[in-house]
Amino acid sequence: MPSRVLFGAVRLVDPVAGHDAVTNVLVEDETISAIGRDATGGPRVDVLDCEGLILAPGLVDLHVHLREPGFEHKETVESGTRAAAAGGFTAVCAMPNTDPVTDNSAVVMEVRNLAEKAGLCDVFPAGAITRGLAGESLTDIAEMAEAGVRLLTDDGQCVQSSRMMRLALEYAKAFDVAISQHAQDAALSEGWQMHEGYYSAMLGLPGVPAEAESIVIARDLALARLTGGRLHVTHVSAAQSVDLIRQGKERGLRLTADVTPHHLSLLDEDLVTYDTSLKVNPPLRGVEDREALREGLVDGVLDAVATDHAPHAAEDKEQEFDQAPPGTIGLETALAVLLTELVAPGRLSLSQAIERLSVRPAQILGLDEHGGPLTPGRPANLVVFDPAVEWTVGEQPFFSMARNSAFAGRALKGRVLHTMLRGTFTVREGEPTR
Ligand SMILES: [Zn+2]
């Protein structure tokens, strides 16, 4: 007997198929077998009444730190993918700043095998651009592309050398792999603790100007133009960066970008509490920056929302502000932050939100099985969430090993109930199944 699950009377929001209506969705084994009011599945079907709930393609995250191998006291592939599933994700791209660095196919395979064993979420490891993230010599891009790598990045570090960046864009082009840049000029950002502005002066913390980001983006756009390579700008934080990306797209460059939920919702002024969970890299910026990011996301200049899920052990973050490492966890709050901050006020439609959280990131990674469409015959990678439930972040324990959430204590609206990976529940009634 095949396993049969019927999501009854659910609002199916599928931006790819152009579907937004209440219907029934039948899943048999690994695939969606029928959609429609008359889809019932017959006897021996597991029926879930989904009135008032939304069913959408599983979310896809372009930027997460799973910390394994090397930093298993912060997070493991298993705990990180459990957090991902709890947040509605069915695929994530893991950053290569592990120990050893993911700069060769052996580490790529190791991370992928750990994810397969956990069985909670597909993990697509990103490879490093330079060996050991040292910025000096290129990794073997061909070897990693062969091993399935879809994105290269030195994230955590910015590729400072224009020559190295040029070579990376040139070589990666042959494999249709995107080069994702953590844009941050090293000299201009030395010693920073937060965004440079009124609040850094007031709080007495060394600042980094938005120009540290935009200068690198301007250079990278020139190199993308020179090489014809695929450039992705990750965690865009400043208004002037959004302007540059808009111009680059208007000029027809092969250019994509993502923005984090925390940069879309929080500000440098929130640091008046010296809460180390709000110390992130790049830093939270001013109100004009946040507005430009929101505008950029709405009009599609910023293609995707990516969490930059950056778990740390409690003792790492429970230090003086200037000693604490930057980063916030984000997998379990991303959907709710977007629903609360942008969908509820009417700036982004539900369909647009799903596009930014699932469809576009899947396209950027070239993933056929994720990001929809949800139509008969397609893999059942999906999320079901309740858009009306209100909850307070941190009241229930996180499934991540870490607790450093920039959203702790915030009231959010919208909660994931079920996540399904190829027809198997990874989360059911809000609880991970493994
Ligand atoms: Zn980064």
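Residues numbered from 1 in each chain as written. Predicted model: local features only at pLDDT ≥ 70, side-chain atom pairs only at ≥ 80, totals over all residues. Heavy atoms only, no water.

(A) Local environment of helix 11 (residues 334-343). Judged by how many residues are buried, helix 11 sits mostly within the fold: ten of ten residues are covered. Listed as buried for helix 11 are Ala334, Leu335, Ala336, Val337, Leu338, Leu339, Thr340, Glu341, Leu342 and Val343. (Buried < 20%, exposed > 50% of the residue type's maximum accessible area, 1.4 Å probe, protein only. Helix = DSSP H or I, 4+ residues; strand = E, 2+ residues; numbered from the N terminus.)

(B) Region of interest: the packing of aromatic side chains. With the rule as written, the count across this model stands at three aromatic pairs. With centroids separated by 6.1 Å and ring planes inclined at 65 degrees, the aromatic side chains of Phe7 and Phe425 adopt a geometry described as edge-to-face. In this pair, Phe7 is assigned in strand 1 (residues 4-14) and Phe425 in strand 18 (residues 424-428), connecting sequence segments 418 residues apart. Take Phe7 and Phe425: they sit in the same class, and that class is buried. Ring geometry for Tyr274 versus Phe321: centroids 6.3 Å apart, planes at 80 degrees, classification edge-to-face. Placement of Tyr274 in the loop between helix 8 (261-265) and helix 9 (287-299) and of Phe321 in the loop between helix 10 (314-317) and helix 11 is noted, with a sequence separation of 47 residues between them. Across from the ring centre of Phe425, 4.6 Å away, lies the NZ or CZ of Arg428, which sits over that ring. (Phe/Tyr/Trp six-rings, centres within 6.5 Å; stacked < 30°, edge-to-face > 60°. Lys NZ or Arg CZ within 6 Å of the ring centre and 35° of its normal.)

(C) Layout of the coordination of the zinc ion. Here the zinc ion is held by the protein donor atoms Asp155 (OD), His182 (ND1) and His235 (NE2), which lie 1.9 to 2.2 Å from it. We note that the donor set of the zinc ion lies within a single chain, spaced as D-x26-H-x52-H. Taken together, the residues His182 in the loop between strand 10 (178-181) and strand 11 (194-195) and His235 in the loop between strand 13 (231-233) and helix 7 (239-250) connect sequence positions 53 residues apart. For the pair His182 and His235, a shared accessibility class is recorded, and that class is buried. (Donors = N, O, S within 2.8 Å, 3.2 Å for Na, K, Ca; no water.)

(D) Spotlight on the layout of surface pockets. Approximately 630 Å³ is the volume found for the largest pocket. Forming the boundary of the largest pocket are 34 residues, of which Gly156, Gln157, His182, Asn281 and Pro326 lie nearest the centre. Of the residues assigned to the lining of the largest pocket, the class counts are ten nonpolar, 17 polar and seven charged. Considering only enclosed or pocket space, the second largest pocket measures out at about 340 Å³ in volume. The wall of the second largest pocket is formed by 23 residues, among which Ala86, Glu332, Trp391, Phe399 and Arg415 lie closest to the centre. A per-element tally of the lining of the second largest pocket places strand 17 (residues 411-421) first, with four residues. When grouped by side-chain class, the residues that make up the lining of the second largest pocket number twelve nonpolar, seven polar and four charged. Both domains that furnish three or more residues to the lining of the second largest pocket are identified here as domain 1 (4-55 + 377-432) and domain 2 (58-365). (1 Å grid on protein atoms, 1.4 Å probe; cavity = no way out; pocket = protein on both sides within 12 Å on 5 of 7 lines; lining within 4 Å. Points joined across faces, edges and corners; volume = space filled by probe spheres on them. Nonpolar A, V, L, I, M, F, W, Y, C, P; charged D, E, K, R; others polar. Domains from an automatic or database assignment.)

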